[in-house]
Amino acid sequence: MAVLVIIPAAGMGTRFGGDLPKQFQPLAGRPILLNVIERFFMIEDVSLIVVAVAEPLLAGVKQSERVRFVAGGETRHESVMKAFHAAEGEYDLVAVHDAVRPFFRTSTFRLLLAAAQQHGASLPAMPITDTVHEVRDGFVTSTLNRSTLVAAQTPQCFRYDVLKDVLARGEASATDEASLAAKLGHQVQVLPGDPHNIKITHPDDLARAEEHFGQWSNE
Ligand code: C5P
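As the structure is a computational prediction, the values presented were derived from the model and not from experiment.

*Asks:* So what about the environment of Ser173? Which residues, and what values?
*Replies:* Checked against the element boundaries, Ser173 lands in the loop between helix 4 (160-169) and helix 5 (177-183). Exposure remark for Ser173: the relative accessible area of 61% places this residue in the exposed category. Counting along the chain gives 96 residues from Ser173 to His77, while the straight-line C-alpha distance between them is 6.7 Å.

*Asks:* So, the packing of helix 2 (residues 76-86) against helix 4: which residues are in play, and what are the values?
*Replies:* Between helix 2 and helix 4, the least distance of the axes is 11 Å, while the angle of their chain directions is 130°. Judged by the angle between their axes, helix 2 and helix 4 are oblique. Along this stretch, helix 2 crosses helix 4, giving a crossing that reads as left-handed. Contacts between helix 2 and helix 4 pair His77, Val80, Met81 and Phe84 from the former with Tyr160, Leu163, Lys164 and Leu167 from the latter.

*Asks:* Which residues make up the pattern of salt bridges, and what are the values?
*Replies:* Counted according to the given criterion, the structure contains eight salt bridges. For the salt bridge of Arg105 with Asp194, the shortest nitrogen-to-oxygen distance reads 3.3 Å. Here Asp194 lies in the loop between strand 12 (187-192) and helix 6 (203-211) and Arg105 lies in the loop between strand 6 (93-96) and helix 3 (106-119), a separation of 89 residues in the sequence. For Arg105, a relative accessible area of 27% corresponds to the partly exposed category. Judged by its relative accessible area of 5%, Asp194 is buried.

*Asks:* Go over the packing of aromatic side chains, please, and point to the residues and values.
*Replies:* This structure, assessed with the given rule, holds seven aromatic pairs. An aromatic cluster is built from Phe40, Phe104 and Phe109, whose rings are joined through pairwise contacts. Between the NZ or CZ atom of Arg39 and the centre of the ring of Phe104, over which it lies, the distance is 5.9 Å.

*Asks:* Any details on the environment of Arg208? Residues and values, ideally.
*Replies:* With respect to the helices, strands and loops of the structure, Arg208 is situated in helix 6. On the accessibility criterion, Arg208 (38% relative accessible area) is partly exposed. When the C-alpha positions of Arg208 and Val140 are compared, they lie 31 Å apart, and in sequence the two are 68 residues distant. Every residue in contact with Arg208, bar those within four places of it in the chain, is listed here: Ile198 and Trp216.

*Asks:* For helix 2, give the residues involved together with the corresponding values.
*Replies:* Residues of helix 2 that are buried: His77, Ser79, Val80, Met81, Ala83, Phe84 and Ala86. At its buried positions, helix 2 is contacted by strand 1 (3-9), strand 4 (46-53), strand 5 (67-71), strand 6, helix 4 and helix 5.

*Asks:* Explain the side chain of Asn35 to me, and be specific about the residues and the numbers.
*Replies:* When you line up the elements, Asn35 lands in helix 1 (residues 32-41). Side chain to side chain, Asn35 and Arg30 meet in a polar contact 2.9 Å long. From its side chain, Asn35 meets the backbone oxygen of Pro31 in a polar contact 3.1 Å long. Contact partners of Asn35, with chain neighbours within four places excluded, come to Leu27, Arg30, Pro102 and Phe213.

*Asks:* Describe helix 3, listing the residues and the values that go with them.
*Replies:* It helps to recall that an α-helix has 3.6 residues per turn; residues three or four apart then point in one direction. A rise of 1.5 Å per residue sets the reference length of helix 3, with its 14 residues, at 20 Å; its end C-alpha atoms lie 20 Å apart and thus fit the reference within 8%. By the burial criterion, the buried members of helix 3 are Thr106, Thr108, Phe109, Leu112, Leu113, Ala115 and Ala116. In the stretch just after helix 3, Gly120 is the one whose phi turns positive, near 115°.

*Asks:* Which residues make up unusual backbone geometry, and what values go with them?
*Replies:* Here the residue pair Thr154 and Pro155 is connected by a cis peptide bond, since its omega of 10° sits within 30 degrees of zero. Even without being glycine, Ala28 reaches a positive phi, approximately 50°. With respect to the helices and strands, Ala28 occurs in the loop between strand 2 (26-27) and strand 3 (30-31). Positive phi, close to 50°, is recorded for Asp137, a residue that is not glycine.

Procedures and definitions
Residues numbered from 1 in each chain as written. Predicted model: local features only at pLDDT ≥ 70, side-chain atom pairs only at ≥ 80, totals over all residues. Heavy atoms only, no water. Helix = DSSP H or I, 4+ residues; strand = E, 2+ residues; numbered from the N terminus. Buried < 20%, exposed > 50% of the residue type's maximum accessible area, 1.4 Å probe, protein only. Axes fitted to C-alpha atoms, helices over the stretch in contact; angles between N-to-C directions. Parallel < 35°, antiparallel > 145°, perpendicular 65-115°, else oblique. Left-handed = near helix turned anticlockwise from the far one by under 90°. Contact = heavy atoms within 4.5 Å. Salt bridge = Lys/Arg side-chain N within 4 Å of Asp/Glu carboxyl O. Phe/Tyr/Trp six-rings, centres within 6.5 Å; stacked < 30°, edge-to-face > 60°. Lys NZ or Arg CZ within 6 Å of the ring centre and 35° of its normal. Polar contact = N/O pair within 3.5 Å; in protein donor to acceptor, adjacent residues only side chain to side chain. Expected span 1.5 Å × (residues − 1).

What follows is the structure, encoded as structure tokens:
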């Protein structure tokens, strides 16, 4: 089974502060993105990883047979599209993964690949324990039924033909391809996510990731 991995990493990470976008901040001595790439290297079926980065950064990266860097687009979805089209060759499945989630479990990834093979698409997600309100101008307008809600993680996995269809027909403003897939009528199976598969978004997350690195990266 040939798996293509796409990592959109072309954002400037303005929420994080500092000069470096968050995906290039060091974690355990190496950029977060490199930690992510190396984790995918552990899975033999991954034949190519395409990383979309901001154009000015392209000159400073080292291309290799298994990892290719391409210029990203204006939006995350556009970056995914550019990475997808840069991958020549034939693949059965494609995974799209956040550049700042270095602690996904390889065992979960394998289950997601199998689910995508069977149903067309899959994603890991966590149940929501907090109550979620819709708020306008500082006041609650409605309260969502949390028993039917989950918080999506990545890697999100697709059969190659499904993602191709999603990228050809989906809107460029989408925040993830799995929601587009579902909207377009594809089946997207939800599997249990991992509590440690955090998205390093704020400096506090990075401090937590550093503190638990040994434990979380071995799971
Ligand atoms: O900003 P946000 O966290 O929603 O971005 C999600 C992911 O998409 C990040 O990994 C970011 O680097 C990436 N991205 C991208 N191209 C853009 C904007 C964001 O690859 N134009």
